[in-house]
Amino acid sequence: MNSLASPTLEALGEDGVLARILTRLPAPDPARVPVGPGDDAAVSRIEGRLVTTADMLVEGEDFLPAWCDPVRLGVKAAAQNLADVHAMGAAPHGLVISLGAPGTTPVDVLTGIMDGFAAEARRAGASVLGGDLSGGPCLIVSVTALGTLTGPAVLRSGARPGDAVVLAGTLGRAAAGLDLLLAGCAPEGAPADLAALIEVQRAPRPDYAAAAAIAGSAHALIDASDGLAGDLGRVARASGVAAALDRDALTALAAPLVPAARALGDPDPAARALHWVLTGGEDHGFIATVDPGRIPVGWTRIGTCRAGDSGVSLDGEPVADTAFRHFTGDR
Ligand SMILES: Nc1ncnc2c1ncn2[C@@H]1O[C@H](COP(=O)(O)OP(=O)(O)O)[C@@H](O)[C@H]1O
Ligand SMILES: Cc1ncc(C[n+]2csc(CCOP(=O)(O)OP(=O)(O)O)c2C)c(N)n1
Ligand SMILES: [Mg+2]
């Protein structure tokens, strides 16, 4: 994040930084948000029940500054929260963003984050309601998202035997992008197909419209932040069903990842690509279970729910959840 021409946070002081941030934010729709950022708290007018979720990004843990330009980091911070709101079957309302950074950080880093954040909020139809600033030893972007529900919430526990398991969006691309970045592949010089995978890691753009389209018919819905095995496993456990994945559907999802596995010198590129699809997180693709006759346009069938408690399986074999976990150092 080199912004050498930009003044630092310590040079501008908290009020100066805040003034620059506030000017980047679009004025919220006064009908929905009568009081936006700038006062002690924001005031919203909402219809229905309130949905609340939070997710943060920490430098070194969730991103490395060398790869993540500020605008993309803002997109990612908004997207991972907006995906959770949609995964409840809710409509997004607003986002609150808290930023921690060392005083030596150029202010362009924070204004860039806010630009990406506001752009992704706008794409989803959410307002930026406010936030907080603090100093700290590294860059932290902590977000709370609010949504509204007028129909029933779509829980992880609603899947039924006989349901189709369906996907909107992608799986495994962010994980392939992460492995490329960790191997030193620079997005600027990379071939277009590899750069596209790196882009999903740096700035995922979930298909919010697809999630909204299935909210009324899905029995269960989740966004795959921790990977297919992990997140579909959560649905299966919560619902008391088993989930059998479809080999052909997964092979089709893995095909665009094979060149990345080859570029990394993997001796079995097809197996590595399938592994990314099964366990890679951070694409924020949506996974739902639904009556097989009610699969909306934009969703692809990837499996079937069965009676039982055998978790997630492929060709009758259990799929292990080896997704990233905080605190234990696994990547
Ligand atoms: N520090 C915390 N305090 C209270 N609840 C938490 C905390 N961290 C996580 N949770 C709750 O645990 C649940 C699972 O969290 P998480 O695995 O982060 O879900 P997701 O993958 O949907 O973001 C969520 O309901 C979340 O609100
Ligand atoms: C530097 C770096 N190391 C590792 C990862 C991989 N990674 C970080 S968080 C995560 C999973 C999703 O994050 P989490 O905080 O668990 O989101 P949630 O499930 O709460 O939505 C993954 C795969 C990364 N993106 N960047
Ligand atoms: Mg979370």
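Residues numbered from 1 in each chain as written. Chains lettered and ligands numbered in written order. Predicted model: local features only at pLDDT ≥ 70, side-chain atom pairs only at ≥ 80, totals over all residues. Heavy atoms only, no water.

### Observations regarding the overall build of the chain
If you tally the helices and strands in the chain, you get 10 helices and 11 strands. In terms of overall dimensions, the chain has a C-alpha envelope of 60 × 50 × 35 Å along the principal axes. The 331 residues of the chain split such that 50% are buried. When the accessible surface of the chain is summed, it comes to about 14,300 Å², and 54% of that surface belongs to carbon and sulfur atoms. Charged side chains of the chain number 24 positive and 38 negative; the gap between the two group centres comes to 5 Å. (Helix = DSSP H or I, 4+ residues; strand = E, 2+ residues; numbered from the N terminus. Buried < 20%, exposed > 50% of the residue type's maximum accessible area, 1.4 Å probe, protein only. Areas by Shrake-Rupley, 256 points an atom, 1.4 Å probe, with all protein chains shown as cover. Lys, Arg positive; Asp, Glu negative; His and termini not counted. Charge placed at Lys NZ, Arg CZ, Asp CG, Glu CD.)

### Looking at the site of ligand 1
Taken together, Asp55, Asp84, Arg156 and Ser225 form the complete shell of residues around ligand 1. At 3.3 Å, a side-chain N or O of Asp55 approaches an oxygen atom of ligand 1. Residue Asp84 places a side-chain N or O atom 3.2 Å away from an oxygen atom belonging to ligand 1. For ligand 1, whose accessible area on its own is 560 Å², the fraction buried by protein is 28%. Here the residues of the shell around ligand 1 sort into no nonpolar, 1 polar and 3 charged. (Near = heavy atom within 4 Å. Polar contact = N/O pair within 3.5 Å; in protein donor to acceptor, adjacent residues only side chain to side chain. Nonpolar A, V, L, I, M, F, W, Y, C, P; charged D, E, K, R; others polar.)

### Re the site of ligand 2
Neighbouring ligand 2 are 15 residues; Asp55, Gln201, Ser225, Asp226 and His326 lie closest to it. Contacts to ligand 2 include Ser225, whose side-chain N or O atom sits 2.9 Å from an oxygen atom. When the free accessible area of ligand 2 is taken as 590 Å², the share hidden by the protein chains comes to 87%. Looking at the shell around ligand 2 residue by residue, the class counts come to 5 nonpolar, 4 polar and 6 charged.

### Overview of the packing of helix H2 (residues 70-86) against helix H3 (residues 107-124)
For any two helices packed against each other, one specifies the crossing angle of their axes together with the interaxial distance. Contact geometry for H2 and H3: axes closest at 6 Å, N-to-C directions at 40 degrees. In terms of orientation, H2 and H3 fall into the oblique class. The crossing of H2 and H3 is right-handed. The residues of H3 that touch H2, namely those facing Pro70, Val71, Leu73, Gly74, Val75, Ala77, Ala78, Ala79 and Leu82, are Asp108, Val109, Gly112, Ile113, Gly116, Phe117, Glu120, Ala121 and Ala124. Tallied by class, the residues present in the contact of H2 with H3 amount to 13 nonpolar, 3 polar and 2 charged. (Axes fitted to C-alpha atoms, helices over the stretch in contact; angles between N-to-C directions. Parallel < 35°, antiparallel > 145°, perpendicular 65-115°, else oblique. Left-handed = near helix turned anticlockwise from the far one by under 90°. Contact = heavy atoms within 4.5 Å.)

### Observations concerning helix H10 (residues 269-279)
Note on helix geometry: an α-helix contains 3.6 residues per turn, so any two residues three or four positions apart are oriented the same way. Taken as a whole, H10 has its buried residues at Pro269, Ala273, Leu274, Trp276, Val277, Leu278 and Thr279. Summarising the contacts, the buried residues of H10 are in contact with helix H4 (173-182), helix H7 (228-239), strand S7 (241-245), helix H8 (247-254), helix H9 (258-263) and strand S10 (312-314).

### A look at unusual backbone geometry
Phi is positive for His284, which is not a glycine, with a value near 55 degrees. If you trace the backbone, His284 turns up in the loop between H10 and strand S8 (286-290). Judged by relative accessible area, which is 4%, His284 ranks as buried. Located in the positive-phi region is Phe327, a residue other than glycine, with phi close to 80 degrees. Looking at where Phe327 falls in the secondary structure, it is placed in the segment after strand S11 (317-318). Taking relative accessible area as the criterion, Phe327 reaches 87% and is therefore assigned exposed.

### Structural notes on the UniProt feature "binding site: Mg(2+) 3" (unreviewed entry) in the chain
In the numbering adopted here, UniProt assigns the feature "binding site: Mg(2+) 3" (unreviewed entry) to Asp40, Asp84 and Asp223. Taken along the chain, the residues just named run across 184 residues; in space they spread out, the farthest C-alpha pair reaching 32.6 Å. Locating Asp40 in the fold gives a position in the loop between helix H1 (9-24) and strand S1 (49-58). Of the residues examined, Asp40 reaches a relative accessible area of 79% and is grouped as exposed. Overall, Asp84 belongs to the buried group, its relative accessible area being 18%. Apart from the residues lying within four places of it in its own chain, the contact partners of Asp84 are Thr53, Asp55 and Asp223. (UniProt positions renumbered as here; feature names shortened; annotations may be inferred.)

### As for the sheet that holds S7
Pairing in this open sheet of 7 strands is mixed, and the strands run S6-S8-S5-S9-S7-S10-S11 from one edge to the other. Bordering the open sheet on either side are strand S6 (220-223) and S11, each of which pairs with just one other strand. Pairing geometry for strand S5 (residues 164-168) and strand S9 (residues 300-307), over 4 bridges, is antiparallel. Within S9, the residue paired with Leu167 across the bridge is Thr300. Those strands touched by H8 are S5, S7, S9 and S10, and its axis lies near 145 degrees from that of S9. (Pairing = 2+ DSSP bridges.)

### A closer look at the sheet that holds strand S4 (residues 140-149)
The strand order across the open sheet built from 4 strands is S1-S4-S2-S3, with neighbouring strands paired in mixed fashion. Looking along the sheet, the strands with just one partner apiece sit at the ends: S1 and strand S3 (127-135). Strand-to-strand twist in this sheet, taken as the mean axis angle between neighbours without regard to direction, amounts to 15 degrees. Inspection of the sheet shows strand S2 (residues 91-101) paired to S3 by 8 bridges, in the parallel sense. Paired with Val96 across the two strands is Gly130, which belongs to S3. Seen against the sheet, H1 touches S2 and S3 and runs at an angle of roughly 170 degrees to S3. Taken strand by strand, H2 contacts S1, S2 and S4, and its axis lies near 145 degrees from that of S1.

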